[in-house]
Amino acid sequence: VKDVDGLSAINLQMAWQNSPNGFRPATARGVMTLLDYYKIPLRGRAVAIIGRSALVGKHLALACLNAGATVTVCHRETKNLSAVTKPADILIVSAGSPGLITRKYVRANQTVIDVGINVLSGQKLLEEVGKRKIVGDVAFAEVAPIVRAISPVPGGVGPLTIACLFENLIEAYYQQAKK
């Protein structure tokens, strides 16, 4: 059985063992691909991850640990969140809370990866028609001038997630074809 979502016990065990075999969940793989593409090293870096979901946060924490980073996992209920986020070299946000991260949570020379996808719309039906907007967990316009690099929403991690899911699917096909 192939688990292209990377959520089975077998894939989780392989991730825990830092095995190159198995499938990493697509969003975690997408974030790691983004960091690799832009040559943003993880080894020896402090990474703060906001979000502890089984699908994204926990897998990203494991992937970053396996890459040699020191990882702190927190969430939107973490007390004094900025004390965790500001010192981090890399901040990955996947909390499902639009605009959670503002200027008070970041610093210069930081890399911010926004995994959040939130749909905002008007309060009344007439306002909602044609006025839906997708935003991330980071207040992009406020944070972008401060940090070294930031991923946009939409157009950042989302398309990479889709591409990485297809990579997992293609790899599963070739593995199955070898049998």
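To start, this report covers the structure provided alongside it. This one's a predicted model, so the numbers in the text were calculated from it and none came from an experiment. Along every chain, residues carry numbers that run from 1 in the direction the sequence is written. Thresholds applied to this predicted model are a pLDDT of at least 70 for local features of residues and 80 or more for the giving and counting of side-chain atom pairs; totals over whole chains, interfaces and linings are not thresholded and use all residues. As a convention, hydrogens and water are excluded, and side-chain values are obtained from all of the structure's heavy atoms.

## Topic: the overall build of the chain
Then step 1. Counting from the N terminus, the helices are the DSSP runs of H or I reaching at least four residues and the strands are the DSSP runs of E reaching at least two. Per the secondary structure count, the chain includes seven helices and seven strands.
Then step 2. Reading the secondary structure of the chain in the N-to-C direction produces α-α-β-α-β-α-β-β-β-α-β-α-β-α.
Then step 3. For 179 residues, the compact-globule estimate of 2.2 N^0.38 gives 16 Å, and the chain sits close to it at 17 Å.
Then step 4. Here the chain holds 179 residues, and the buried ones make up 40% of them.
Then step 5. In what follows, residue pairs with any heavy atoms lying within 4.5 Å of each other are defined as contacts. Considering only contacts within the chain whose residues lie at least 6 apart along the sequence, 59% involve residues at least 24 apart.
Then step 6. On the chain, roughly 10,400 Å² of surface is accessible, and the fraction owed to carbon and sulfur atoms is 57%.
Then step 7. For the purpose of charge, His is not counted, nor are the chain termini; Lys and Arg are scored as positive and Asp and Glu as negative. We put the charge of a Lys on NZ, of an Arg on CZ, of an Asp on CG and of a Glu on CD. Separation between the mean location of the 21 positive side-chain charges and that of the 12 negative ones in the chain comes to 5 Å. Throughout, radius of gyration means the C-alpha value; the globule benchmark is 2.2 Å times the number of residues raised to the power 0.38. The cut-offs for exposure are 20% and 50% of the maximum accessible area for each residue type, with area from a 1.4 Å probe on protein chains only; residues under the lower value are buried, those over the upper are exposed, and the others partly exposed. With residues, only the protein chains shown are counted as cover, and all accessible areas are computed by Shrake-Rupley using a 1.4 Å probe.

## Observations regarding the packing of helix α2 (residues 26–37) against helix α7 (residues 157–178)
Then step 1. Every axis in this analysis is a line fitted to C-alpha atoms, fitted for helices over the stretch in contact. Angles between the N-to-C directions lie between 0 and 180 degrees. α7 packs onto α2 with a crossing angle of 110° between their chain directions and a minimal axis gap of 7 Å. On the basis of the axis angle, α2 is roughly perpendicular to α7. Regarding α2 and α7, the two cross each other, and that crossing is right-handed. Residues A26, T27, R29, G30, V31, T33 and L34 of α2 form the contact with α7, whose participating residues are V157, L160, T161, C164, L165, E167, N168 and E171. Here the word oblique covers every angle except those under 35 degrees (roughly parallel), over 145 (roughly antiparallel) and from 65 to 115 (roughly perpendicular). Each crossing is labelled by how the near helix is turned from the far one, with a counterclockwise turn of less than a right angle marking it left-handed and a clockwise turn marking it right-handed.

## Concerning the sheet that holds strand β7 (residues 149–150)
Then step 1. In space, the five strands of this open sheet follow the order β2-β1-β3-β4-β7, with parallel pairing throughout. At either end of the open sheet lies a strand with only one pairing partner, and these are β2 (70–74) and β7.
Then step 2. Alignment of strand β4 (residues 111–114) against β7, held across two bridges, turns out to be parallel. Opposite V112, over in β7, you have I150 as the bridge partner. A strand pair is defined by DSSP finding two or more bridges across the two strands.

## A word on the pairing of strand β3 (residues 90–93)
Then step 1. Neither face of β3 is left uncovered, since the one carrying I90 and I92 and the one carrying L91 and V93 both have all their residues buried.
Then step 2. Sheet analysis places β3 next to β4, joined by four bridges and oriented parallel. The residue of β4 that forms the bridge with L91 is V112.

## Considering α7
Then step 1. Here a helix's expected span is defined as the number of its residues, less one, multiplied by 1.5 Å. Taking 1.5 Å per residue as the helical rise, α7 with its 22 residues ought to reach 32 Å, and the 31 Å between its terminal C-alpha atoms agrees with that figure.
Then step 2. Within α7, the full set of buried residues consists of V157, T161, C164, N168 and A172. Each buried residue of α7 sits inside an arc of 85° when the element is viewed along its axis, so together they form one side. Across α7 from its buried face, at more than 90 degrees, point the exposed residues I162, Y173 and A177.
Then step 3. Of the surrounding elements, those touching the buried residues of α7 are α2 and β4. Taken from the helix axis, the directions to the C-beta atoms give the arc we talk about.

## Observations concerning the state of the cysteines
Then step 1. For the purposes of this analysis, a disulfide is any pair of cysteine sulfur atoms at a distance within 2.5 Å. One pass over the full model with this rule turns up zero disulfides.
Then step 2. Residue C64 stays outside any disulfide, its sulfur separated by 13 Å from that of C74, the closest cysteine.

## Focus on the environment of G57
Then step 1. Within the secondary structure, G57 sits in helix α3 (residues 57–66).
Then step 2. Residue class for G57 comes out buried when judged on its relative accessible area of 0%.
Then step 3. With near-sequence residues (within four places) excluded, G57 lies in contact with I49, G51 and R52.

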